Amino acid sequence: MKNNKAKISEDIQRLVAAILATSPAGHSLSLIGGFRFRLLDDSPRLSVDLDYHWEKDLDEKQEEIVSLLRRKLLPEVKERLGYDGTVAPATGQDADSPMVKIVKLVFYRSDVPHSGIEINVDITRIECLDKPIVRTKGGVVYLTASDEDMIESKIIALFNRTYIEERDLVDIFLFGDRLTSDSAGRIDQKLAKISLDRSVVSDRLKKIVSSRDYHIRNIGEVIDTQLDLQVADRIREAGGAAMVFEDILKVLHNRLKLRLDCESS
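Residues numbered from 1 in each chain as written. Predicted model: local features only at pLDDT ≥ 70, side-chain atom pairs only at ≥ 80, totals over all residues. Heavy atoms only, no water.

A. Up close: the overall build of the protein chain. A tally of helices and strands in the protein chain yields ten helices and seven strands. Considering only C-alpha atoms, the protein chain reaches an extent of 60 × 40 × 40 Å along its principal axes. Within the protein chain, the fraction of its 265 residues that count as buried is 47%. In the protein chain, the share of contacts with a sequence separation of at least 24, taken over all contacts with a separation of at least 6, comes to 67%. In the form shown here, the protein chain has an accessible surface area of approximately 13400 Å², with 49% of it arising from carbon and sulfur atoms. One way to put it: in the protein chain the 40 positive side-chain charges average out to a point 2 Å from where the 45 negative ones average out. (Helix = DSSP H or I, 4+ residues; strand = E, 2+ residues; numbered from the N terminus. Buried < 20%, exposed > 50% of the residue type's maximum accessible area, 1.4 Å probe, protein only. Contact = heavy atoms within 4.5 Å. Areas by Shrake-Rupley, 256 points an atom, 1.4 Å probe, with all protein chains shown as cover. Lys, Arg positive; Asp, Glu negative; His and termini not counted. Charge placed at Lys NZ, Arg CZ, Asp CG, Glu CD.)

Below, the structure written as structure tokens:
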């Protein structure tokens, strides 16, 4: 049931992305995040939600997406997959952030116990220095952030989120080769735009290093539960979660020049 639910969840995510890419409500909406890597870059990591970059009013776009997905997604999921569902704006703590607005999707089969599937569509903003680009998949044209803005957004998230998501660490490991010779300077520009100075970055980096065992355990869980089996096996053969963690530190230290205060720059 677990693997079947993961496949159905991803099928629904692909339907959502295609509907938004081909509807007026999705105009100028850029697909970002882990599912962007999965859909357009063949990432081996399953994504648990969909993320979109939007420059304008987040509440208004949330309402548009809710209306669109109720109208188009629900009947399509019912016809293709046999699942009933609901689409609604997030309430409670999920609705409190001014920087992220969430559309909650819930699907289920009344005749199948424990068949419930929940997917979030997050509308947010990331710092972008490039114009959006288009990528195609299966004949559908998707608007998305540039490769550089995408991977740099994962770096920024390490220092800008209240809690680190180890899935971001895994994505940095998988797509760190998208960083360029200009990325260190570009990240500095982005950190300045969101008023994160080097001391804050240094403090967060210290916490990452001091919590090494904790992050390695959580990276291991991502490897076990979100990566394609063959890729997960290869990573384990090469050192597993500890190897991934050390590789990410090398990226932060050596390629991006993000260091602790006690280290020379």
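The discussion continues.
B. Geometry of the nonpolar core. Judged by nonpolar contacts, the single largest core of 39 residues is most densely connected at Ile-155, Phe-159, Ile-219, Ile-223, Leu-252, Leu-256 and Leu-258. Secondary-structure elements contributing two or more residues to this core are helix H4 (147-160), helix H5 (166-175), helix H6 (183-193), helix H7 (198-210), helix H8 (212-226), helix H9 (229-237) and helix H10 (240-255). Ranked by residue count, the leading element in this core is H10, at seven residues. Excluding its chain neighbours within four sequence positions, the residues that come into contact with Leu-256 are Ile-155, Leu-179, Ser-183, Ala-184, Ile-187, Arg-198 and Val-251. Residues Ala-17, Ile-19, Leu-20 and Ile-119 belong to the second largest nonpolar core, which totals 35 residues. (Core = buried A, V, L, I, M, F, W, Y, C linked by side-chain atoms within 4.5 Å.)

C. Inspection of the packing of H4 against H5 at higher detail. Here H4 crosses H5 at 145°, and the two axes come no closer than 9 Å. Where H4 crosses over H5, the handedness of that crossing is left-handed. Counted together, Ile-151, Lys-154, Ile-155, Ala-157 and Leu-158 of H4 and Asp-168, Leu-169, Asp-171, Ile-172 and Phe-175 of H5 form the full contact between these two elements. Here the residues of the contact of H4 with H5 are counted per class, giving seven nonpolar, no polar and three charged. (Axes fitted to C-alpha atoms, helices over the stretch in contact; angles between N-to-C directions. Left-handed = near helix turned anticlockwise from the far one by under 90°. Nonpolar A, V, L, I, M, F, W, Y, C, P; charged D, E, K, R; others polar.)

D. Summary view of the packing of aromatic side chains. Going through the model one piece at a time under the given rule, you end up with one aromatic pair. With a centroid separation of 4.2 Å and an interplanar angle of 10°, the aromatic rings of Phe-37 and Phe-175 are classed as stacked. With a gap of 138 residues between them, Phe-37 in helix H2 (residues 33-41) and Phe-175 in helix H5 connect regions that are remote in the sequence. As far as burial versus exposure is concerned, Phe-37 and Phe-175 are alike and both buried. (Phe/Tyr/Trp six-rings, centres within 6.5 Å; stacked < 30°, edge-to-face > 60°.)

E. Up close: the environment of His-27. Relative to the assigned elements, His-27 resides in the loop between helix H1 (2-21) and strand E1 (30-32). Given a relative accessible area of 60%, His-27 falls into the exposed group. For His-27 and Phe-245, which are 218 residues apart along the polypeptide, the C-alpha to C-alpha distance reads 38 Å. Not counting the four nearest positions on each side in its chain, His-27 is found in contact with Trp-54 and Lys-61.

F. How the structure looks around the environment of Ser-30. Mapped onto the secondary structure, Ser-30 falls in strand E1. Relative accessible area serves as the criterion here: at 4%, Ser-30 is assigned to the buried category. Each residue touching Ser-30, except ones within four places of it in the same chain, is listed here: Asp-51, Tyr-52, His-53, Pro-132, Leu-143, Thr-144 and Ala-145.

G. Region of the structure containing the packing of H2 against H4. H4 packs onto H2 with a crossing angle of 140° between their chain directions and a minimal axis gap of 10 Å. Taken together, H2 and H4 sit at an angle that is classed as oblique. You can see that H2 and H4 cross each other, and the crossing is left-handed. For the pair H2 and H4, the contacting residues are Gly-33, Gly-34, Arg-36 and Phe-37 in the first and Asp-147, Met-150 and Lys-154 in the second. (Parallel < 35°, antiparallel > 145°, perpendicular 65-115°, else oblique.)

H. Quick look at the pattern of salt bridges. Per the counting criterion, the structure on display carries 32 salt bridges. Between Asp-59 and Lys-101 there is a salt bridge; the shortest N-O distance is 3.7 Å. Here Asp-59 is found in helix H3 (residues 58-81), whereas its partner Lys-101 is found in strand E4 (residues 100-108), with 42 residues between them in sequence. A salt bridge links Lys-154 to Asp-168; its shortest N-O distance comes to 2.8 Å. Placement of Lys-154 in helix H4 and of Asp-168 in helix H5 is noted, with a sequence separation of 14 residues between them. Note on accessibility: Lys-154 and Asp-168 belong to one class, buried. One network of salt bridges, in which partners are shared, links Arg-36, Asp-41, Arg-135, Asp-147 and Arg-178. (Salt bridge = Lys/Arg side-chain N within 4 Å of Asp/Glu carboxyl O.)

Geometric descriptors of this kind do not, in isolation, establish any biological role.
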